[in-house]
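# Survey of secondary and tertiary structure
Now for the letters of each chain:
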Amino acid sequence: MAKDSRRIRIKRSVRSKVSGTSECPRLSVFRSNKQIYAQVIDDTTGKTLATASSLKLAEKMPKKEIAGKVGEAIAKTAQEAGVQTVVFDRNGYLYHGRIKELAEAARNGGLKF
């Protein structure tokens, strides 16, 4: 079984249980080889409330540090949108490395999950 198809199977399983509401939206993380993206999504209306990505960061640094910066940015933009608590959707990735760094930085930035 290929790594990506395994991730998609895990993603479907997690998404069947995790859903964001207007009171507690979903913090979804996508990781590519070069970039990392985070979105705060209200699944009841299908709207994205806040976004952050590593595309806007111009400085060169290790990928884990970039993930931390994106976590801080998503926490800041989510709080500006009035979001305090979220449910974390790791999107089928292991809670390790860049995903863990982003989650911990978002927690330190003030998001509760």
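Everything below is about the structure printed above this text.
Below is a summary of the structure that appears in this document. Nothing here was measured: the structure is a model prediction, and the numbers come from that model. (Residues numbered from 1 in each chain as written. Predicted model: local features only at pLDDT ≥ 70, side-chain atom pairs only at ≥ 80, totals over all residues. Heavy atoms only, no water.)

### Some details on the environment of I41
- Tracing the backbone shows I41 in strand β2 (residues 36-42).
- Along the primary structure I41 and L102 are separated by 61 residues, whereas in three dimensions their C-alpha atoms are 16 Å apart.
- With near-sequence residues (within four places) excluded, I41 lies in contact with G20, P25, R26, S28, K47 and T48. (Helix = DSSP H or I, 4+ residues; strand = E, 2+ residues; numbered from the N terminus. Contact = heavy atoms within 4.5 Å.)

### Here's the deal with the pattern of salt bridges
- Enumeration over the complete set of coordinates arrives at 4 salt bridges.
- The partner of R15 in a salt bridge is D43, with the nearest N and O atoms 3.7 Å apart. In this pair, R15 sits in helix α1 (residues 3-17) while D43 sits in the loop between β2 and β3 (47-53), placing the two residues 28 residues apart along the sequence.
- Taken together, the shared-partner salt bridges in this structure form one network comprising R15, R26, D43 and D89. (Salt bridge = Lys/Arg side-chain N within 4 Å of Asp/Glu carboxyl O.)

### Description of the pairing of β3
- Sheet analysis places β2 next to β3, joined by 6 bridges and oriented antiparallel. Considered in β3, the bridge of Y37 is made with S53.
- What sits between the antiparallel neighbours β2 and β3 is a turn of 4 residues, in which G46 has the positive phi angle 75°. (Pairing = 2+ DSSP bridges.)

### Notes on the nonpolar core
- Of all hydrophobic cores here, the largest spans 23 residues; its most connected members are L27, I36, V40, V70, I74, L102 and L111.
- When residues of this core are assigned to their parent elements, the largest contribution, 6 residues, is made by helix α2 (residues 63-80).
- Setting aside residues up to four positions removed in sequence, V70 forms contacts with I36, A38, A52, S53, S54, L57 and L102. (Core = buried A, V, L, I, M, F, W, Y, C linked by side-chain atoms within 4.5 Å. Buried < 20%, exposed > 50% of the residue type's maximum accessible area, 1.4 Å probe, protein only.)

### Considerations on the environment of L55
- Relative to the helices and strands, L55 resides in the loop between β3 and α2.
- Taking the relative accessible area as the measure of exposure, L55 reaches 55% and is therefore exposed.
- A C-alpha to C-alpha distance of 9.4 Å links L55 and K34, two positions 21 residues apart in sequence.
- Setting aside anything within four residues of it in sequence, one finds L55 in contact with Q35 and Y37.

Taken by themselves, the reported measurements are silent on function.
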